[in-house]
Amino acid sequence: VVTIMGHVDHGKTSLLDFLRKTKITSGEAGGITQHIGAYQVIHNEQEITFLDTPGHAIFSDMRARGADITDIVVLVVAANDGIMPQTLEAIKHAKKANKTIIVAINKCDLPSANVDRVKSQLAENGLQTTDFGGDTEFAEVSAITGKGMDVLLDLMALQAEVLELKANPRAIARAAIIEARVVPGRGTTATVIVESGTLKVGTPFICGPYAGKVRSLINDRGVTVKSAHPGMPVEVIGFEELPNVGDHITEMKTEREAKALANERQEAQRLIRLKPQHRNRMQDLYSMVRDGGGKAQLKLILKCDVQGSVEAIKKAVLAIVSDKVDCSFITAAAGPITESDISYATSTEAIIIGFNVKVEAKAVKSAKASGVEVKLYSIVYELIDQVREAMLGLLEPLTRESVIGHAEVRQVFKLSRGRAAGSFVTDGRIHRKAHARVVRGGIPVFDGRMSTLRRFHEEVEEVRTNFECGIRLGEFNEYQEGDIIECYKLEKYAQTL
Ligand code: GDP
């Protein structure tokens, strides 16, 4: 697979045109080539594929997307013009990509052509031609008269042998997208170059995050074919969605497998897309207020165990006067934190504050996906203090949490009343008098005080790393295996200004 590079007007397009017009086996469709982004030339019974978009932009783009399909770079230098800025750039790109360069010294038909000058300029830039004692192959050509073109093709075939450019046609089919578009009447089509295996009509595939199935294949002469072997450019019909240039088609065993993998990839993309959007976090508020820069908005969604706490907390928070932050409640209600609270927080950019409540399982999932901040409290003053500190942009928070240990829930025990979490202390210690929260997949689902801490049947004050214990937090009962119980202390700090 060959890419043509070089300075503008040095004859890249002319060279490709010459090869297309003269070197393609005329046949089925009268030798008229379709523009599909690449075409194949047969030279001495060997196939050479040319990417017919010249220039280094496409080359770098494809490489950046992981489609390193070019095997050989043909560097076109006009003999009358010599090395120019884009020539140097092309050399840089090709070398960085570790590609073999063959030089085509073009426009040799012109009287002003000075081949020796080009060669010495090339040598100055790290490309010693073979007759100057180096190892860079070159051909003196003319894209207009066709002089030297066969020599150039011979050199490509020779390099293909030297580089042992081979692929297994019986491997799992894999192909790189070099062009994609929507054609009226035909739907989404893309040109691919088969990298390994054989792409056949009927083959289910995955391409980026979408599944597909090869419905038909059209070669570079517009002829419908049944299969495409390695190195062959071919237009594929059968995409679910427009693929990206540089993506790969990979053969899958069944359509079902392709669909399942597509779903997995789409879900992963969705998570990545959603994550950074939600930027309203307590932490951001601190720095926003501290750095000045306009009045900040703190939007809260408050969920409490009982209506009495809702009113009390709302009143206390609204009483905090700050000239830097406007605080408002999007909602304030009694009840657990639900999935709709999370989606509400996403659309309004609010922070969710929970007091003595748990987070429902579905809400945990969507909080994780959307990056919504959920803060749980079991002590009123701690909640008020944290909100106040954030609103005043205090240099140092007055109350700071220090985590003293973690335990992992290994088994959930049913008791006569409620449930206990049979846990294993993974680091630090779990202390009977400390605070603790249940964390599931990075999201807190409950925060409260320890109501029991047991080793076997005995109540204990503390359990250290590598020991098992039974834990109960407040009235919480919905432990799950794999939950992390994070034990922490609240420490009061003197404010430093
Ligand atoms: P590109 O910008 O590198 O694609 O260059 P083009 O292929 O568009 O060529 C630029 C100009 O040089 C055109 O006017 C061509 O006709 C001319 N040209 C290209 N190759 C040759 C050649 O081998 N000999 C002569 N005399 N002119 C050429």
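Since this is a predicted model, take the numbers as computed values, not measurements.

Visitor: Tell me about the overall build of the protein chain, residues and numbers included.
Guide: Along its length, the protein chain carries 11 helices and 27 strands. Pairs at least 24 apart in sequence give 70% of the contacts found in the protein chain among residues at least 6 apart. Counting only carbon and sulfur atoms, one obtains 50% of the accessible surface of the protein chain, whose full area is about 23900 Å².

Visitor: Which residues make up the state of the cysteines, and what values do they have?
Guide: The final tally for this structure, using the stated rule, is zero disulfides. Left unpaired, Cys469 is separated from the closest cysteine sulfur, that of Cys487, by 9.5 Å. With relative accessibility at 6%, the residue Cys469 sits in the buried group.

Visitor: Describe the site of the ligand, with residues and values.
Guide: Not every one of the 15 residues close to the ligand is listed here, only the nearest: Asp9, Lys12, Thr13, Ser14 and Asp109. In the model, an oxygen atom of the ligand is placed 3.0 Å from a nitrogen or oxygen of the Gly11 main chain. Ser142 is positioned such that a nitrogen or oxygen atom in its side chain is 3.3 Å from an oxygen atom of the ligand. Against a free-state accessible area of 570 Å², the protein chains account for coverage of 72% of the ligand. Here the shell around the ligand takes three residues from helix H1 (residues 12–23), the largest share from any one element. Split into classes, the residues belonging to the shell around the ligand amount to four nonpolar, seven polar and four charged.

Visitor: Please give an account of the side chain of His10 that cites residues and values.
Guide: Relative to the elements of secondary structure, His10 occurs in the loop between strand E1 (2–6) and H1. Residue class for His10 comes out buried when judged on its relative accessible area of 1%. One polar contact links His10 to Asp81, side chain to side chain, over a distance of 3.0 Å.

Visitor: Explain the packing of helix H8 (residues 307–318) against helix H11 (residues 380–392) to me, and be specific about the residues and the numbers.
Guide: For the pair H8 and H11, the least separation of the axes is 10 Å and the interaxial angle reads 30°. Classified by the angle their axes make, H8 and H11 are roughly parallel. Crossing angle aside, the handedness with which H8 passes H11 is right-handed. Contact residues: Ile313, Ala316 and Val317 in H8; Val380, Leu383, Ile384 and Val387 in H11. Across the contact of H8 with H11, the residue classes tally to seven nonpolar, no polar and no charged.

Visitor: An account of the sheet that holds strand E19 (residues 374–377) is needed here, citing residue identities and associated values.
Guide: Within the open sheet, the four strands sit side by side as E17-E16-E18-E19. Their pairing is parallel. Edge positions in the open sheet fall to strand E17 (325–334) and E19, since each of these has one partner strand only. Strand-to-strand twist in this sheet, taken as the mean axis angle between neighbours without regard to direction, amounts to 25°.

Visitor: Describe the pattern of salt bridges, with residues and values.
Guide: Counted according to the given criterion, the structure contains 21 salt bridges. Asp220 serves as the salt-bridge partner of Arg221, at 3.4 Å between the closest nitrogen and oxygen. Summarising the burial analysis for this pair, Arg221 and Asp220 share the class buried. In this structure, Glu478 engages Lys358 in a salt bridge whose closest nitrogen and oxygen atoms are separated by 2.1 Å. Residue Glu478 is located in the loop between strand E26 (468–473) and strand E27 (484–492), and its partner Lys358 is located in the loop between strand E18 (351–355) and helix H10 (361–370); the two are separated by 120 residues in the primary sequence. Residue classification places Glu478 among the partly exposed residues on the basis of a relative accessible area of 35%. Residue classification places Lys358 among the partly exposed residues on the basis of a relative accessible area of 29%. Among the ionic contacts, a cluster of salt bridges with common partners joins Lys119, Asp131 and Glu140.

Visitor: So what about the sheet that holds strand E2 (residues 38–43)? Which residues, and what values?
Guide: Pairing between the strands of a sheet is mediated by backbone hydrogen bonds and can be parallel or antiparallel. Judged by pairing direction, the sheet is mixed, and its six strands sit side by side in the order E2-E3-E1-E4-E5-E6 without closing on themselves. Two strands bound the open sheet, and with one partner strand each, they are E2 and strand E6 (138–140). Adjacent strand axes in the sheet meet at a mean angle of 30° when their direction is disregarded. Sheet topology places E1 next to strand E4 (residues 72–78); five bridges connect them, and they run parallel. Opposite Met5, over in E4, you have Leu75 as the bridge partner. Taken strand by strand, helix H3 (residues 85–96) contacts E1, E4 and strand E5 (100–106), and its axis lies near 165° from that of E4.

Visitor: An account of H11 is requested, with residue identities and associated values reported.
Guide: In this model H11 runs 18 Å from its N-terminal to its C-terminal C-alpha over 13 residues, within 8% of the 18 Å that 1.5 Å per residue would give. Residues of H11 that are buried: Glu382, Leu383, Ile384, Asp385, Gln386, Val387, Glu389, Ala390 and Met391.

Visitor: Go over the packing of helix H9 (residues 339–348) against H10 with me, naming the residues and quoting the values.
Guide: Viewed as axis vectors pointing N to C, H9 and H10 meet at an angle of 20°, and their least axial separation amounts to 8 Å. Viewed along their axes, H9 and H10 adopt a mutual orientation that is roughly parallel. Contacts between H9 and H10 involve Glu339, Ile342 and Thr346 from the former and Lys362, Ala363, Ser366, Ala367 and Ser370 from the latter.

Visitor: Report on the environment of Asn168, specifying residues and quantitative values.
Guide: Within the secondary structure, Asn168 sits in the loop between helix H5 (149–162) and strand E7 (174–183). Classification of Asn168 as partly exposed rests on a relative accessible area of 38%. On a C-alpha basis, the gap between Asn168 and Ser196 in space is 5.7 Å, while along the polypeptide they are 28 residues apart. Apart from the residues lying within four places of it in its own chain, the contact partners of Asn168 are Ser196, Gly197 and Pro230. A polar contact is formed between the side chain of Asn168 and the backbone nitrogen of Arg170, at a distance of 2.8 Å.

Visitor: Give a description of the packing of aromatic side chains that names residues and reports values.
Guide: Taken as a whole, this structure holds four aromatic pairs when the rule is applied. Aromatic pair Phe446 and Phe476: ring centres 4.8 Å apart, planes at 20°, arrangement stacked. Of the two residues, Phe446 is situated in strand E23 (residues 443–455) and Phe476 in the loop between E26 and E27; the sequence distance between them amounts to 30 residues. The residues Phe446 and Phe476 share a single accessibility class, namely buried. With centroids separated by 5.1 Å and ring planes inclined at 90°, the aromatic side chains of Phe476 and Tyr479 adopt a geometry described as edge-to-face. An aromatic cluster of three or more residues is present, and its members are Phe446, Phe476 and Tyr479. The lysine or arginine in question, Arg437, covers the ring of Tyr488, its NZ or CZ lying 4.2 Å from the ring centre.

So, how was this worked out
- Starting afresh in each chain, residues are numbered from 1 along the sequence in its written order.
- Local features are withheld for residues below a pLDDT of 70 in this predicted model, meaning they are given only at 70 or higher, and side-chain atom pairs are given and counted only at 80 or more; totals for whole chains, interfaces and linings count all residues.
- As a rule here, side-chain values come from all non-hydrogen atoms in the structure, and water together with hydrogens is ignored.
- Put simply, DSSP H or I for four residues or longer makes a helix, DSSP E for two residues or longer makes a strand, and each gets a number counted from the N terminus.
- Contacts: residue pairs with any heavy atoms within 4.5 Å of one another.
- Accessibility throughout is a Shrake-Rupley quantity obtained with a 1.4 Å probe, and a residue counts as covered only by protein chains that appear here.
- Cysteine sulfur atoms are paired as a disulfide whenever they fall within 2.5 Å.
- We call a residue buried when its accessible area falls under 20% of the maximum for its residue type, exposed when it is over 50%, and partly exposed in between, using a 1.4 Å probe and counting protein chains only.
- Near residues are defined by distance, with any heavy atom within 4 Å of the molecule or strand qualifying the residue.
- Contacts described as polar in this section are N or O atom pairs within 3.5 Å, which, within protein, must combine one atom able to donate a hydrogen with one able to accept it, while residues neighboring in sequence count only if both atoms come from side chains.
- Basically, the charged four are Asp, Glu, Lys and Arg, the nonpolar ten are Ala, Val, Leu, Ile, Met, Phe, Trp, Tyr, Cys and Pro, and anything else, Gly included, counts as polar.
- Lines fitted to C-alpha atoms define the axes, with helix axes restricted to the stretch in contact, and inter-axis angles between N-to-C directions lie between 0 and 180 degrees.
- Orientation labels follow simple angle bins: below 35 degrees gives roughly parallel, above 145 gives roughly antiparallel, 65 to 115 gives roughly perpendicular, and whatever is left gives oblique.
- Left-handed describes a crossing whose near helix is turned anticlockwise from the far helix by less than a right angle; the clockwise case is right-handed.
- Strands pair, by our definition, only if DSSP identifies at least two bridges between them.
- Here, a salt bridge means any Lys or Arg side-chain nitrogen found within 4 Å of an Asp or Glu carboxyl oxygen.
- One less than the number of residues in a helix, times 1.5 Å, gives the span that helix is expected to have.
- Two rings belonging to Phe, Tyr or Trp (six-membered ring only in the last case) form a pair when the distance between their centres is within 6.5 Å. Interplanar angles under 30 degrees mark stacking, angles over 60 mark edge-to-face geometry, and anything in between is tilted.
- Put simply, a charge is over a ring when the Lys NZ or the Arg CZ is close to the ring centre, within 6 Å, and near the line of the ring normal, within 35 degrees.

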